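Here are the chains, one letter per residue:
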Amino acid sequence: SAAPPATIVIFGAAGDLTKRLLIPSLYNLSESHLLGEDFAVLGVDIADTSTEAWRDGLGETLRSFTGDADAEFHPDRIDAEAWDRLAGCLSYMKGDVTDPACFEALRDQLGDRSAIFYLAVGAHFFAPIVDGLGKAGLLEETEGAFRRLVIEKPFGHDLASAQALNARILKVAREEQVFRIDHFMGKEPVQSLLAMRFANRLFEPIWRAEHVERVEITAAETIGVGSRGRFYEPTGALRDMVPNHMMQLLCMAAMDAPSSLDADAIRGEKTRLLAAVAPLGPDDVVFGQYEAGEIEGNAVPGYREEADVAPDSRTETFVAARFRIHNWRWAGTPFLIRTGKCLAARRTEIVVHLKPAPFRLFPDMEAPAGSSDRITLSVDPGHGIEIAFDVKRPGPDMELAKAATEFSFDEAFAHNPNVGYEALLYDCLTGDATLFQRADTIEAAWRIVDPVLDHAKNAAPLPYDAGSEGPEAAADWGWTPLGKTHDE
Ligand code: BG6
């Protein structure tokens, strides 16, 4: 049903996130009639523009959206009526977030309406905006009007800065008002893990160290750092992907069953899981940096040749890490994660490798494909569950063969176009915090990576060719090869 009336104030209205993700997602919500009657978007930015020009620019971007496989958005799908409906809700206000006048103007504009303050800005603006909102009393709620704060990543750059940012936010807002975004939680396959694991008896009884040998979590990209060198140089793959996206995948794959679907029941289980993960040491991580190579037939430059990257940069563009979970369910089962740019394939997935059967009844038991039985959840590209197991090869001999069965969500269900922020924005409007990060979850994640944050810079990342599987030192961890399909 349609969300309650509110104004979304977007700080960073002229930025990329607004253009490419927020407005297209709001457009999709508008098309599905999920935005309430009295809905409004107020864009705030330093740029000197008018409501008309801002709106027209957003409409143009929406129409020019090329809709690649990842962004499921097609210009020919644009419904003029849905766009007009959304466009009618958009207005622009020029504002400098370092100037208190900006927040006073906002207070006048909003009056006693419900509002969501969306910080779609660089991380250095988070604290000034939070302070500005607090000082102007903009986060004070009244009986009929909520006030919420949405914060993008990066949430801090280490444990101490994340704690400091949380403390600053919680001085001016209650935890229930804060929605810390991790866009991986907006991904349908990640949400679907909850149902796969806890709506069935099929998986959960074997989902533990007794039966699981290891779990691989991969988020591999073929794209390089492109035009984001300025952001990426001081950040690197570890900070960019691990304490946020990879930890969310880890939580969804490894947490215990919550006692209800209540936001805090689920988030409590995530935090409990992360509290059981041992902090990483230098032997648990491999860092890499891509050199020139070839991806999908195109020559690509090495990381150090990219714009805004130092020629002797030690920033890692690949990280593999071995997590150990100290609880009864998982003790002894490593969770291996890897993520990187310019790799052989674009693939985000969770692979659960099962232990072999407890004794060797069949002579060729280890032979078929030489691999364990496994359960794979594909996140990107394509949402699916694959189960690979041993069967008898039909014929007179008792001979085993590997079989695989795959369920494709995309084939089984019709679904609305989705750029990835629809559920997140809708949930902010309705006040459901399930998909968002609580302060303690974020801090628990930083605590795990904190000891090795600057390890790559000190020890120099290992080179790997663009288009490869990543540095060789990580190759013998037993990964499912990126360059091949699962059946090869
Ligand atoms: C972002 C990172 O948070 O996630 C990017 O900053 C990365 O570096 C992106 O490319 C990956 O997200 P997705 O949804 O494309 O897998």
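Model, not experiment: these values are computed from the prediction.

Asks: What exactly am I supposed to notice about the overall build of the protein here?
Replies: A count of helices and strands for the protein gives 15 helices and 17 strands. A globule of 488 residues ought to have a C-alpha radius of gyration of about 23 Å, and the protein, at 24 Å, matches this closely. Reported as C-alpha extents along the three principal axes, the dimensions of the protein are approximately 80 × 50 × 45 Å. Taken across its 488 residues, the protein has 54% of its residues classed as buried. Partitioning the contacts of the protein with sequence separation of at least 6, the portion at a separation of at least 24 is 79%. With an accessible surface of roughly 21500 Å², the protein has 52% of that area assigned to carbon and sulfur atoms.

Asks: Is there a simple way to think about the pattern of salt bridges in this case?
Replies: Opposite charge on two side chains permits them to pair, given that their charged atoms come into close proximity. Counting across every chain of the model gives 30 salt bridges. Across the pair Asp380 and Arg346 runs a salt bridge, and its minimum N-O distance is 3.5 Å. Separated by 34 residues along the polypeptide, Asp380 in strand E14 (residues 374–380) and Arg346 in the loop between strand E12 (335–340) and strand E13 (347–354) bring together distant segments of the chain. Judged by its relative accessible area of 14%, Asp380 falls in the buried class. As a salt-bridge pair, Lys402 and Asp373 come within 2.8 Å of each other at their nearest N and O atoms. Remark: Asp373 occurs in the loop between E13 and E14 and Lys402 occurs in strand E16 (residues 400–408); sequence separation between them is 29 residues. Connected through shared salt-bridge partners, Arg197, Glu204, Asp256, Glu269, Arg272 and Arg329 make up one network.

Asks: I keep staring at the side chain of Lys270 and nothing clicks. Help me out?
Replies: Within the secondary structure layout, Lys270 lies in helix H10 (residues 263–275). Only 2.7 Å separates the side chain of Lys270 from the side chain of Gln248, close enough to count as a polar contact. Leaving out residues up to four positions away in the same chain, Lys270 has contacts with Met185, Gln248, Cys251, Met252, Met255 and Thr441.

Asks: Just checking my understanding: could you explain the environment of Ala439 for this structure?
Replies: With respect to the element layout, Ala439 can be found in helix H13 (residues 439–449). Put simply, Ala439 and Ile169 are 270 residues apart on the chain and 9.8 Å apart in space, counted from C-alpha to C-alpha. Excluding residues within four positions of it along the chain, Ala439 makes contact with Asn166, Leu170, Glu175 and Arg180.

Asks: So what exactly am I meant to see when it comes to the packing of helix H1 (residues 16–31) against helix H12 (residues 422–430) here?
Replies: Helix-helix packing: each pair is described by the crossing angle between the helix axes and the interaxial distance. H12 packs onto H1 with a crossing angle of 75° between their chain directions and a minimal axis gap of 9 Å. Our classification of the angle between H1 and H12 gives roughly perpendicular. Between H1, through Leu22, Pro24, Ser25, Leu26, Asn28 and Leu29, and H12, the contact on the second element is made entirely by Glu422, Leu425 and Tyr426. Tallied by class, residues from the contact of H1 with H12 come to six nonpolar, two polar and one charged.

Asks: How do you make sense of the pairing of strand E2 (residues 40–45) when you look at a structure like this?
Replies: Regular strands have side chains that alternate between both faces of the sheet. With six of six residues buried, E2 is to be regarded as a mostly interior element. Across the two faces of E2 the burial is the same, with Ala40, Leu42 and Val44 and Val41, Gly43 and Asp45 all buried. Alignment of strand E1 (residues 7–11) against E2, held across five bridges, turns out to be parallel. In the strand pairing of E2, Thr7 is matched with Ala40. Read as a crossover between parallel neighbours, the route from E1 over H1 to E2 is right-handed. Two strands pair when backbone bridges link them, and E2 and strand E3 (residues 90–94) are joined in this way by five bridges, in the parallel orientation. Its bridge partner being in E3, Asp45 is matched across the sheet by Lys94.

Asks: It is not clear to me how the packing of aromatic side chains should be interpreted in this structure. Could you clarify?
Replies: Two descriptors summarise a pair of aromatic rings, namely the distance from one centre to the other and the angle between the planes of the rings. One pass over the full model with this rule turns up 14 aromatic pairs. Each ring, one from Trp54 and one from Tyr92, has its centre 5.8 Å from the other, and the planes form 50°; the classification is tilted. Within this pair, whereas Trp54 is found in helix H2 (residues 51–64), its partner Tyr92 is found in strand E3, the two being separated by 38 residues in sequence. Judged by its relative accessible area of 6%, Trp54 falls in the buried class. Residue class for Tyr92 comes out buried when judged on its relative accessible area of 9%.

Asks: For this particular structure, what's the right way to read the UniProt feature "active site" (unreviewed entry) in the protein?
Replies: Taken from the UniProt record, the annotation "active site" (unreviewed entry) applies to His245. Tracing the chain through its elements places His245 in helix H9 (residues 236–254). In this structure the side chain of His245 is engaged in a polar contact, spanning 2.7 Å, whose partner is the side chain of Asp182.

Asks: Looking at this structure, I do not really get helix H7 (residues 188–198). What am I missing?
Replies: Side chains of residues three or four places apart in an α-helix project in the same direction, reflecting 3.6 residues per turn. For H7, the set of buried residues is Pro189, Val190, Ser192, Leu193, Leu194, Met196 and Arg197. Elements in contact with the buried residues of H7: H9, H10, E13, E14, strand E15 (384–392) and helix H11 (409–412).

Asks: Quick question: what am I supposed to make of the site of the ligand here?
Replies: Near the ligand the following residues occur: Lys153, His183, Phe184, Lys187, Glu221, Arg228, Asp240, Met241, His245, Lys341 and Arg346. In this structure, Glu221 approaches the ligand through a side-chain N or O atom, which is 2.6 Å from an oxygen atom. Residue Arg346 places a side-chain N or O atom 3.2 Å away from an oxygen atom belonging to the ligand. Here the ligand, which alone exposes 400 Å², has 81% of that area covered by the protein. A breakdown of the residues in the shell around the ligand according to their chemical character gives two nonpolar, two polar and seven charged.

Asks: Where do I start with the sheet that holds strand E4 (residues 115–119) in this structure?
Replies: The strands making up a sheet associate through backbone hydrogen bonding, with each pair oriented either parallel or antiparallel. If you trace the six strands from one edge of the open sheet to the other, you get E3-E2-E1-E4-E5-E6, paired in parallel fashion. Looking along the sheet, the strands with just one partner apiece sit at the ends: E3 and strand E6 (178–180). Strand-to-strand twist across the sheet, computed as the mean angle between neighbouring axes with direction ignored, equals 20°. Judged from the five bridges that link them, E4 and strand E5 (residues 147–151) form a sheet pairing that is parallel. Among the inter-strand pairings, Phe117 is bridged to a residue of E5, identified as Leu149. The sheet contacts of helix H4 (residues 100–110) involve E1, E2, E3, E4 and E5, and relative to E1 the element is tilted by about 165°. Here helix H6 (residues 159–172) sits on the sheet in contact with E5 and E6, set at roughly 155° to E6.

The rules behind each value
Residues numbered from 1 in each chain as written. Predicted model: local features only at pLDDT ≥ 70, side-chain atom pairs only at ≥ 80, totals over all residues. Heavy atoms only, no water. Helix = DSSP H or I, 4+ residues; strand = E, 2+ residues; numbered from the N terminus. Rg over C-alpha atoms; globule rule 2.2 N^0.38 Å. Buried < 20%, exposed > 50% of the residue type's maximum accessible area, 1.4 Å probe, protein only. Contact = heavy atoms within 4.5 Å. Areas by Shrake-Rupley, 256 points an atom, 1.4 Å probe, with all protein chains shown as cover. Salt bridge = Lys/Arg side-chain N within 4 Å of Asp/Glu carboxyl O. Polar contact = N/O pair within 3.5 Å; in protein donor to acceptor, adjacent residues only side chain to side chain. Axes fitted to C-alpha atoms, helices over the stretch in contact; angles between N-to-C directions. Parallel < 35°, antiparallel > 145°, perpendicular 65-115°, else oblique. Nonpolar A, V, L, I, M, F, W, Y, C, P; charged D, E, K, R; others polar. Pairing = 2+ DSSP bridges. Right-handed = clockwise from strand over helix to strand, strands pointing away. Phe/Tyr/Trp six-rings, centres within 6.5 Å; stacked < 30°, edge-to-face > 60°. UniProt positions renumbered as here; feature names shortened; annotations may be inferred. Near = heavy atom within 4 Å.

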